[in-house]
Structures are given as structure tokens and as C-alpha cells.
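Structural overview
Below, each chain spelled out in residue letters.
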Amino acid sequence: MTVAVRRAYADYRFGQLHYRMAGSRDAIRTPLMCFHLSPVSGVIYESLLGEIGNDRLAIAPDNPGFGGSDPPGSPPTIGDYAAVMGEFADSLGLGPVDVIGYHTGAKIGIELSLQRPELVRRLVLVSTPVYTEEELARQHATLGKPSWFDEGGAHLLEVWDGHWEWRGPDQTIEMVHQTVAEVFRAGSRAWWGHRAAFEYQMGDRLPLVTHPTLVLCPHDDLLEPTRRSEPLIRNGRLLELPGWGHGMMDVHTEEFAGILRGFLDEDC
């Protein structure tokens, strides 16, 4: 049985931060903070929140400038995003938290654990890409550039084509539509998250993490770069997820929640 997912806003340094939440504050288990990939929002966690909220408080904020969250005045860095999330956790009085981060969200989770080691207990990171110089240049050229708009709507089709190409197995057309709709909500800020992600040096930062860490490696567009990160994990392991890709938290909700619980609760 799933629990209700609620929505709310919290005040933060640039206005209001929108978030989704499920579960009880009185739950015994450590609260779980969920950080999304770019350039969408915490909506990607909606199904998972309803499932994982059965036995813990789970919260998925929208990054500043995405979803329903007010934007800062200029493009943030991963460090900026992490600092905001630390302040957000403090504002809710969460205390120690577990973290799951997806793509850009994984980098936010890593940086939060380095900025606020006392706040983070365990990390689950969905993809931790270590890029070659060629791959990074291609990412900057295709995704990390300012958004463009065309009167005939060509930019809309470009966004759709990119997400349709990298859709996960069994991800429905409606699921892809929901993702693309979140991209459009970001408007001219859609590239901010990618810019921050591609300027973040995963190969330098991941080896500094000492928290217990589980890296999940779905077979998506970051498969090979994430495999390269395995030797850099100091206190944890990498788990490949063959046959899983984007949309997996909607398609495989209960199984995904089981993987999370198995890692987050293994010392309980």
C-alpha cells in the first residue's frame, strides 16, 4: 500500500523552495532526501515517495530554478545547490538524513556530504559519471549551453527527441511526456543544471566521500562513464541494473524501494 504524497513550500535564500513529501515525521528510520536530475524536478520521485514513505519520511525538493522552486539570480554551481539543500534540511529540522541523488542529484548529494558530513548518514547515487575529455566536450556542446527558442517550435521537438532517444525500457510515452513537460517549465533556465553538473569534477570529489555509499548504475546514457567511477568509491559498492533506465522509479517502484531499504537499513 502506498501513502499519500503531499506538496509544500519552504522559504529559502532566493524565495520559495517547492518539495514533495511522504511518510511520517515520527518514523523511526532516518529521513530520506531525494535530489533529482537535470533539467526536471522532484516529480521523478513521486511514485517512489509513495512507496518508501511507508516506513520513513521521504522528501524530494525541486532544485532552485526548476519545478516549482524560485530561481537564484544567476546559474548556480553544484556547491550552491548543495548548500541550499543543507539549509532546507535544517529548516525542516530533519537532523541526520540519508540521501539519494540521480545524475545531477548524485553530485549534489556528494557535495552535501562533503559540506555537511554530520548531516548525511548514507548515500545512494544513481550514476556517478567520470567523463573523458571528448565526452565532456560533447556534453557541454549539446546540453550545457544556453537554451534556445524557435518561433516554429523546433526547440520543443529537439527536447522531445532527446528524451525519447534515451527513454528507459518500458518507459511509456506518457512518462516521457511528463519528463519533457518539466523541462519546458524551466524555460530559459533549463541548461543551468547541466552547466553545474559538467563543471563538477566527479573524479576528484567522489574519492573524498567517506560515508557508506551505494552507486546504482542503470543501463542508460551514463553507463560507461559510471562504470569508470567504481575504483573511486572508498566506502561502498557499485550495483549495475541491467535492463533498467530512465523512468525506472515509475516502472520498477517496489523493486527499487527494496534496493534502497536493503542498503539504508542494513545496519539497523
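As shown above, the structure is provided for reference.
Below is a summary of the structure that appears in this document. (Residues numbered from 1 in each chain as written. Predicted model: local features only at pLDDT ≥ 70, side-chain atom pairs only at ≥ 80, totals over all residues. Heavy atoms only, no water.)

**A closer look at the packing of helix α5 (residues 154-165) against helix α6 (residues 173-186)**
Between α5 and α6, the shortest axis-to-axis distance is 10 Å and the interhelical angle comes to 135 degrees. In this view, α5 runs oblique relative to α6, as classed from their interaxial angle. As α5 packs across α6, the resulting crossing turns out to be right-handed. Between α5, through Leu156, Val159, Trp160, His163 and Trp164, and α6, the contact on the second element is made entirely by Ile173, Val176, His177, Thr179, Val180, Val183 and Phe184. The class makeup of the residues in the contact of α5 with α6 is 9 nonpolar, 3 polar and no charged. (Axes fitted to C-alpha atoms, helices over the stretch in contact; angles between N-to-C directions. Helix = DSSP H or I, 4+ residues; strand = E, 2+ residues; numbered from the N terminus. Parallel < 35°, antiparallel > 145°, perpendicular 65-115°, else oblique. Left-handed = near helix turned anticlockwise from the far one by under 90°. Contact = heavy atoms within 4.5 Å. Nonpolar A, V, L, I, M, F, W, Y, C, P; charged D, E, K, R; others polar.)

**Examining the packing of helix α2 (residues 78-91) against helix α3 (residues 104-115)**
Interaxial distance between α2 and α3 falls to 8 Å at its minimum, and their mutual angle equals 65 degrees. Regarding the angle of α2 to α3, the classification is roughly perpendicular. You can see that α2 and α3 cross each other, and the crossing is right-handed. Taking contact as the criterion, the partners of Ile78, Gly79, Tyr81, Ala82, Ala83, Met85 and Gly86 in α2 are, on α3, Thr104, Lys107, Ile108, Glu111, Leu112 and Gln115. Here the residues of the contact of α2 with α3 are counted per class, giving 7 nonpolar, 4 polar and 2 charged.

**Re the packing of aromatic side chains**
How two aromatic rings sit relative to each other is given by the distance of their centres and the angle of their planes. Taken as a whole, this structure holds 5 aromatic pairs when the rule is applied. Over the aromatic face of phenylalanine 263 sits the side chain of arginine 122, whose NZ or CZ is 4.8 Å from the ring centroid. Looking at arginine 167, its charged tip hangs above the ring of tryptophan 164, at a distance of 3.9 Å from the centre. (Phe/Tyr/Trp six-rings, centres within 6.5 Å; stacked < 30°, edge-to-face > 60°. Lys NZ or Arg CZ within 6 Å of the ring centre and 35° of its normal.)

Everything listed is a geometric property; what it means functionally is a separate question.
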